[in-house]
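Remarks on the overall topology
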Amino acid sequence: MGGESIKLQSCDESLESLILSQSSPGIAVAENRWPCASDSMLEVHKSQGLANGIHNLLAFDLWKDQNLVDRIQKQSELLHQSTAEELEDVRDEINRYRPGSGVHKVGGVSHADFDIPEVITLLVVGPEGAGKSSLINNMIRVLKDVTSGFSRAQIYGYRQSGSMFLQEYLLHKHFCVFDSRGFSNINVLEDLNIVKNWMSNGVCHGEPVCRPSDDMKIREDLEGRGRQGNSGYTLRKVNFVIFVVNACKLQQMREQHDVAALENLVLLYRCPYLTFMDDVPVVVMTHGDKLDPHECILARIFLGKLFGVSPVDQVFDIPCFTERTVHPEDVHAANDLALLKMLQLSLEQADTNLPCKEKFTYSIRGVLKSTSVQLGIWQLLYFVILFCLLFEIIITIIHSSKPTPWFRNIFKYAHKKPKRGH
Ligand SMILES: Nc1nc2c(ncn2[C@@H]2O[C@H](COP(=O)(O)OP(=O)(O)OP(=O)(O)O)[C@@H](O)[C@H]2O)c(=O)[nH]1
Ligand SMILES: [Mg+2]
């Protein structure tokens, strides 16, 4: 980038395309090369290119992107025109959902070749206080079509600590969502390592989420709250991710030109652990009800450009309510339909990214690969030779006759006297 200023002109010129167009190390963020989060790597990813891209985005007058503004307004009009029947139809579609119904037969495999779980797992992540637990409660509300009794995930209004454990909510016979501890948005490395653990090893109901930087008080709190343990629960592999952002906090970051906080948000969103091949998490923007409608549209465009995704199709503006704060006029079909569409998209993406069953040859290769990594190539070679010799001895004993020709040759070669020179 080298300090030259690039002006954002259209929706295509998102921050991602800016990052991708730089020959700076920031490119690695978009290229999904991130084997493990470490301090030095973070420094590389926190590139000047990313920071400059954010500066440019902050300087850009988002209203100028008339095309995007029109599309979002049109979409919102359509949602507001939706009827209770349309809402019911989408709800029914989701209730009929079966894992794997959206798999695409690619790479010469059939439907039966996919490793389809009984229950699809969606992980809800985002910064502290973003509204993750509220979103889950609202999913319960809309899916069950109820106006009370939906607050199952604990909301932490003014308390210091929010959700500290992974908690599973089985919304449907065939899919569940996991609530998680919020990102600190300060120590991004810790957050990345936590995310890496969830995505590589799976998530389990009741698992405490501890950060290395947590002080004694938080650790004691975690210990006390998680005293009943979580050993009996199923470990679930994450099939897709929903990333929640608070529109008011985003607005604050924009107004204060808080590049560091925005940068951390991008690093977390674009981290390869949360991405399934090219499919990045679905974005939910909460607290939009606290902004005026124009600000809300701008926040959505900003978020889309910041994350490098379509603000129209990939960012969902979903105000979330609690049982206490919900007013009858807040609950209208448009909000609920947006929530269901977001859920539908997440399930579709989860299906699209289901893995194939491991074939026998691949499993053997996998075992050999992991063993070779652990043992080292020479130890593995010795192991193979030893195995062959043992095998030969056993065969010889069984036949209790002559050893096979190649064993005789090896034996002869070992006892050959060295030739004397003339
Ligand atoms: N007005 C409004 N308030 C919201 C919305 N979403 C969440 N809240 C409020 O924001 C506060 C935090 O919400 P939570 O759902 O606990 O957020 P969280 O992301 O689960 O927070 P942590 O568990 O601490 O990470 C609560 O007081 C919620 O009532 C929204 O869309 N609009
Ligand atoms: Mg929470």
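Everything numeric in this text was worked out from a predicted model, so none of it was measured.

1. Side note on the coordination of the magnesium ion (ligand 2)
Every protein donor of the magnesium ion (ligand 2) is accounted for by Ser 133 (OG) and Ser 163 (OG), and the metal-donor separations fall at 2.0 to 2.1 Å. Here Ser 163 lies in the loop between helix 7 (132-144) and strand 2 (167-172) and Ser 133 lies in helix 7, a separation of 30 residues in the sequence. Overall, Ser 133 belongs to the buried group, its relative accessible area being 8%. Among the residues examined, Ser 163 registers a relative accessible area of 17% and is labelled buried.

2. Concerning the pattern of salt bridges
Under the definition given, this model contains nine salt bridges. For the salt bridge of Arg 91 with Asp 145, the shortest nitrogen-to-oxygen distance reads 3.6 Å. Taken as a pair, Arg 91 in helix 6 (residues 84-95) and Asp 145 in the loop between helix 7 and strand 2 lie far apart in primary sequence, 54 residues in all. Owing to a relative accessible area of 4%, Arg 91 belongs among the buried residues under this scheme. Ionic pairing is found between Arg 236 and Glu 168, a salt bridge with its closest N-O pair at 2.8 Å. One end of the pair, Arg 236, is in strand 5 (residues 235-236); the other, Glu 168, is in strand 2, and 68 residues separate them in sequence. Given the relative accessible area of 17%, Glu 168 is considered buried. Each of the salt bridges in this network shares a partner with another, and the network as a whole consists of Glu 88, Arg 91 and Asp 145.

3. Brief notes about the packing of helix 6 against helix 13 (residues 333-352)
The geometry of helix 6 relative to helix 13 is characterised by a closest axis approach of 10 Å and an angle of 25° between their N-to-C directions. On the basis of their axis angle, the class for helix 6 and helix 13 is roughly parallel. As helix 6 packs across helix 13, the resulting crossing turns out to be left-handed. For the pair helix 6 and helix 13, contact is made by Glu 86, Leu 87, Val 90, Arg 91, Glu 93 and Ile 94 and by Ala 333, Asp 336, Leu 337, Leu 340, Leu 343, Gln 344 and Leu 347, respectively. Residue classes in the contact of helix 6 with helix 13 are distributed as eight nonpolar, one polar and four charged.

4. Overview of helix 6
In this model, helix 6 (12 residues) spans 16 Å end to end at C-alpha, consistent with the 16 Å of a helix rising 1.5 Å per residue. The set of residues buried in helix 6 consists of Leu 87, Val 90, Arg 91 and Ile 94. Buried positions in helix 6, seen along its axis, are confined to an arc of 100° and lie on one side of it. Its buried side turned inward, helix 6 meets helix 7, strand 2, strand 3 (175-179) and helix 13.

What counts and what doesn't
- Residues numbered from 1 in each chain as written.
- Chains lettered and ligands numbered in written order.
- Predicted model: local features only at pLDDT ≥ 70, side-chain atom pairs only at ≥ 80, totals over all residues.
- Heavy atoms only, no water.
- Donors = N, O, S within 2.8 Å, 3.2 Å for Na, K, Ca; no water.
- Helix = DSSP H or I, 4+ residues; strand = E, 2+ residues; numbered from the N terminus.
- Buried < 20%, exposed > 50% of the residue type's maximum accessible area, 1.4 Å probe, protein only.
- Salt bridge = Lys/Arg side-chain N within 4 Å of Asp/Glu carboxyl O.
- Axes fitted to C-alpha atoms, helices over the stretch in contact; angles between N-to-C directions.
- Parallel < 35°, antiparallel > 145°, perpendicular 65-115°, else oblique.
- Left-handed = near helix turned anticlockwise from the far one by under 90°.
- Contact = heavy atoms within 4.5 Å.
- Nonpolar A, V, L, I, M, F, W, Y, C, P; charged D, E, K, R; others polar.
- Expected span 1.5 Å × (residues − 1).
- Arc of directions from axis to C-beta.

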